[in-house]
Amino acid sequence: MRTHTIALIFSFIVLTKSDQKCRERDLGIEGRSIVCVCNSEYCDTITRDPPAASSYVAYTTTRAGKRFEKSNGRIQAFSRLQKELNNRNEENENEGPFWTRTTLVLNQNNRYQTIHGFGGSVTDAAAYNWNKLSDRTKSYFISSYFAEDGLEYNLIRTPIGGADFSTHPYTYNEYPWNDAALTNFTFTYEDLFLKIPMIKYIQRVSKQEVKVMASTWSPPVWMKTNEHITGFSQLKPEFYQSFADYHVKFMELYEKAEIDIWAITTTNEPINGIVPFVTFNSLGWFPAEMGQWVGKNLGPTIRNSRFNKTLIFAVDDQRYLLHFYLSGMENADSDSIKYIDGIAVHYYGNFAPATIFDDLQSRYNKILLATEACEGPMPWDIMRVKLGSWERAHRYTKNIIEDLNHHVTGWIDWNLCLDERGGPNWADNFVDAPIMVFPERDEFIKQPMFYAMGHFSKFIPRGSQRISVTYPFLEFGRIDNVAFRTPLGNIVLVLHNSNTFKMDVRINVDAIRHIKIKVEAESIVTLEINTSLF
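Residues numbered from 1 in each chain as written. Predicted model: local features only at pLDDT ≥ 70, side-chain atom pairs only at ≥ 80, totals over all residues. Heavy atoms only, no water.

A.B. asks: How should the overall build of the chain be read in this particular structure?
C.D. replies: Scanning the chain from N- to C-terminus turns up 12 helices and 22 strands. Taking 534 residues into account, the globule formula puts the C-alpha radius of gyration at 24 Å, and the chain, at 24 Å, falls close to it. Principal-axis analysis of the C-alpha atoms places the extent of the chain at approximately 80 × 55 × 40 Å. If you take every contact in the chain between residues at least 6 apart in sequence, the share linking residues at least 24 apart comes to 75%. Summing over all exposed atoms, the chain offers an accessible surface of approximately 21700 Å²; the carbon and sulfur share of this is 52%. Taking the average location of the 56 positive side-chain charges in the chain and that of its 62 negative ones, the two points are 6 Å from each other. (Helix = DSSP H or I, 4+ residues; strand = E, 2+ residues; numbered from the N terminus. Rg over C-alpha atoms; globule rule 2.2 N^0.38 Å. Contact = heavy atoms within 4.5 Å. Areas by Shrake-Rupley, 256 points an atom, 1.4 Å probe, with all protein chains shown as cover. Lys, Arg positive; Asp, Glu negative; His and termini not counted. Charge placed at Lys NZ, Arg CZ, Asp CG, Glu CD.)

Next up, the structure:
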């Protein structure tokens, strides 16, 4: 009894860490959730509380307004007789219909992919907005995403040159024209005063390595068949090698700023230079041409450079295009598949089933990584920015869980922040973001999407390995879930209740022990479970 009391006291002490609570703002719009306001004087924080042996810590975010609310409990163990009696009592006490309760069975012996991380993108727009804040508010912003009392992001994606989320279209080495040797490849204003300062600040704040991925939207227009920043275009064959060198030149440039590039992609959304309606920076690739370029130019160039450890991710486009591109690349040049380390996928084509990833994993055995996501980008999105939207957080959560359950090793969001319009964006391609910046008030607000991201990034560290979660036979209730074993040996389980009613969830940790929790309606819950007995 004394040991149990000490354990409870210890748990209480741990759970009273001085987290700063969300400073709520009710937007006064029907159907919206609250947002959390940060400024130079205050910003909410969240610390991870390590669970004691045979216990768990749960973190809950709800549509109703909870943000990482902490609770804790102990893993229950029963003898067979006690277990049977308890089950009968549960059945008698639980008056809810069968679809409001479920059982999840964890199996640590069934292990799958290892996690690379979670993060967001340092675009010109994100850095431009961040740079408008006061020094103190800028510090709170970076800490919110990357510090130990923030979401602990550990991945960044950044454009090579400009993207649509820039104040104007630009590339490197625009002049002299047809400069195949790239003699004028140098820093831009956006590198020196926007992206690099933001990335360096992030590196100082983070206690872990923040890996940087880079993607090209468009090369210099003289390399392209239409000689324009956007529109139907491909790479001129005479500049295949120059475009491969373009990536090495970029890595050399950022090396001077002491920023190592962990990975590159084979061009952002290659379909955008093929379809007729995209109006922002793009370069079109047909699968065969991409395969030839990767197999004969990009792959050998990177592997024979001093950046030969840099990973190459192919496609960097929607789910439904992955097989189309990879099979076309393989048929055109089989070496192209040998040179790629991973496959990059975007969020916007999720009407295609996630089982695509299973097929790709089986066929190619490459790293699968989600590299871009945002809400509000589609022509039918009447509202590009929808402050306080729980539905957008719900879609993020559902997609991340689905991706992770199908071999994806990490998830990178798009802009770290945007302004109230969803920009700046030179092509007027405005979208939403987890954080919106209001420089005139020297404040930023954290949307529900921010907390949705944190339920994964904060508690599933790099090196965690997915384990299986199953339902018992004839179990009818369902709840979205994904589980991992962390490098510390704990289990992290993320639950997403998209229903308008609460769910009673029993988690069978092993053959004789379980946890019982109530998952609130329209909520996200992350549990960290210490299964050790002592």
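A.B. asks: Explanation requested: the state of the cysteines in the structure shown.
C.D. replies: Disulfide: a covalent bond connecting the sulfur atoms of a pair of cysteines. By the definition in use, this model includes 2 disulfides. Cys-22 shares a disulfide with Cys-36; S-S distance 2.1 Å. On the sign convention where negative means left-handed, the S-S torsion of about -105° between Cys-22 and Cys-36 marks this disulfide as left-handed. Taken together, the positions of Cys-22 in the loop between α1 (2–15) and β1 (24–25) and Cys-36 in strand β2 (residues 35–39) put the pair 14 residues apart, joining distant regions of the chain. Sulfur-sulfur distance for the disulfide between Cys-38 and Cys-43 comes to 2.1 Å. The sign of the S-S torsion, about 70°, decides the handedness of the disulfide formed by Cys-38 and Cys-43: right-handed. Comparing Cys-38 with Cys-43, the two get one shared label, buried. When the bonded cysteines of the chain are counted from the start of the sequence, the pairing works out to 1-2, 3-4. Considering cysteine sulfurs only, Cys-417 is the nearest to Cys-374, which forms no disulfide, with 14 Å between them. Lacking any disulfide linkage, Cys-417 is separated from the closest cysteine sulfur, that of Cys-38, by 12 Å. (Disulfide = S-S within 2.5 Å. Buried < 20%, exposed > 50% of the residue type's maximum accessible area, 1.4 Å probe, protein only.)

A.B. asks: Looking at this structure, how should I read helix α10 (residues 355–364)?
C.D. replies: The periodicity of an α-helix, 3.6 residues per turn, causes residues three or four places apart in sequence to face the same way. Of all the positions in α10, only Ile-356, Phe-357, Leu-360 and Tyr-364 are classed as buried. Viewed along the axis of α10, the buried residues span an arc of 95°, placing them on a single side of the element. Check the buried side of α10 and you find it contacts α8 (322–332), α9 (335–339), β12 (342–346), β13 (367–372), α11 (390–404) and β14 (408–415). (Arc of directions from axis to C-beta.)

A.B. asks: What am I meant to see in the packing of helix α7 (residues 287–303) against α8 here?
C.D. replies: When two helices pack together, their arrangement is captured by the angle between the axes and the distance separating the axes. α8 packs onto α7 with a crossing angle of 55° between their chain directions and a minimal axis gap of 7 Å. Here α7 lies oblique to α8, going by the angle between them. As α7 packs across α8, the resulting crossing turns out to be right-handed. Contacts between α7 and α8 involve Pro-287, Ala-288, Met-290, Gly-291, Gln-292 and Val-294 from the first element and Phe-324, Tyr-325, Gly-328, Met-329 and Ala-332 from the second. (Axes fitted to C-alpha atoms, helices over the stretch in contact; angles between N-to-C directions. Parallel < 35°, antiparallel > 145°, perpendicular 65-115°, else oblique. Left-handed = near helix turned anticlockwise from the far one by under 90°.)

A.B. asks: When you look at the pairing of β2 in this model, what are you seeing that I'm missing?
C.D. replies: Residues in a regular strand project their side chains so that they alternate between the two faces of the sheet. Of all 5 residues in β2, 5 are buried, a share of seventy percent or more. On β2, burial covers both faces: Val-35, Val-37 and Asn-39 on one face and Cys-36 and Cys-38 on the other are all buried. Judged from the 2 bridges that link them, β1 and β2 form a sheet pairing that is antiparallel. Note that in β2 the partner of Glu-24 across the bridge is Cys-36. Inspection of the sheet shows β2 paired to strand β16 (residues 443–446) by 4 bridges, in the antiparallel sense. Its bridge partner being in β16, Cys-38 is matched across the sheet by Phe-444. (Pairing = 2+ DSSP bridges.)

A.B. asks: Sorry, what's going on with helix α4 (residues 135–146) here?
C.D. replies: Along its 12 residues, α4 runs 16 Å from first to last C-alpha, staying within 8% of the 16 Å computed at 1.5 Å per residue. Burial runs high along α4: 9 of the 12 residues are buried. Taken together, the buried positions of α4 are Thr-137, Lys-138, Tyr-140, Phe-141, Ile-142, Ser-143, Ser-144, Tyr-145 and Phe-146. (Expected span 1.5 Å × (residues − 1).)

A.B. asks: Whenever I open this one, the sheet that holds strand β4 (residues 69–74) confuses me. Can you help?
C.D. replies: Whenever strands of a sheet pair, they do so through backbone hydrogen bonds, lying parallel or antiparallel. Read from one edge to the other, the open sheet built from 10 strands follows the order β4-β3-β22-β19-β18-β17-β6-β20-β21-β5, with strand pairing classed as mixed. Strands at the two margins of the open sheet, each flanked by one partner only, are β4 and β5 (76–77). Here β5 pairs with strand β21 (residues 513–519) via 2 bridges, running antiparallel. Bridging across to β21, Ala-77 finds its partner in Arg-513. Most of the contacts of α11 go to strand β18 (residues 480–485), to which it runs at about 50°, and overall it touches β3 (55–62), β6 (101–114), β17 (465–470), β18, β19 (491–497) and β22 (523–530).

A.B. asks: Just to check I follow, could you spell out the sheet that holds β2 for this structure?
C.D. replies: If you walk across this open sheet you meet the 4 strands as β1-β2-β16-β15, and the pairing is antiparallel. Each having just a single partner strand, β1 and β15 (435–438) make up the two edges of the open sheet. Contacts from α4 reach β2, β15 and β16, with the element oriented near 20° to β16.

A.B. asks: I'm lost on the packing of α11 against helix α12 (residues 448–457) in this one. Help?
C.D. replies: The geometry of α11 relative to α12 is characterised by a closest axis approach of 8 Å and an angle of 20° between their N-to-C directions. When the interaxial angle is binned, α11 and α12 end up roughly parallel. The handedness of the crossing between α11 and α12 comes out as right-handed. Of α12, the residues touching α11 (which contributes Trp-390, Arg-392, Ala-393, Tyr-396, Thr-397, Ile-400, Ile-401 and Leu-404) are Pro-448, Met-449, Ala-452, Met-453 and Phe-456. Its residues assigned to classes, the contact of α11 with α12 comprises 11 nonpolar, 1 polar and 1 charged. (Nonpolar A, V, L, I, M, F, W, Y, C, P; charged D, E, K, R; others polar.)

A.B. asks: Would you explain the pattern of salt bridges in this entry?
C.D. replies: Opposite charge on two side chains permits them to pair, given that their charged atoms come into close proximity. Considering all chains together, one arrives at 32 salt bridges under this definition. With a closest N to O distance of 3.5 Å, Lys-200 and Glu-258 form a salt bridge. Here Glu-258 lies in the loop between α6 (240–256) and β10 (263–265) and Lys-200 lies in helix α5 (residues 189–205), a separation of 58 residues in the sequence. Under the relative-accessibility criterion, Glu-258 is labelled exposed at 61%. One salt bridge connects Arg-513 with Asp-510, and the closest N-O pair in it is separated by 2.8 Å. (Salt bridge = Lys/Arg side-chain N within 4 Å of Asp/Glu carboxyl O.)

A.B. asks: Sorry, what's going on with unusual backbone geometry here?
C.D. replies: Cis rather than trans, the peptide bond between Tyr-175 and Pro-176 has omega equal to 0°. Between Gly-423 and the following residue, Pro-424, the backbone shows a cis peptide bond with an omega angle of 10°. Here Pro-424 lies in the loop between β14 and β15. Even without glycine at this site, Thr-267 takes up a positive phi of about 130°. On the secondary structure map, Thr-267 appears in the loop between β10 and α7. Phi is positive for Glu-269, which is not a glycine, with a value near 40°.

No statement about biological role is implied by the geometric values presented.
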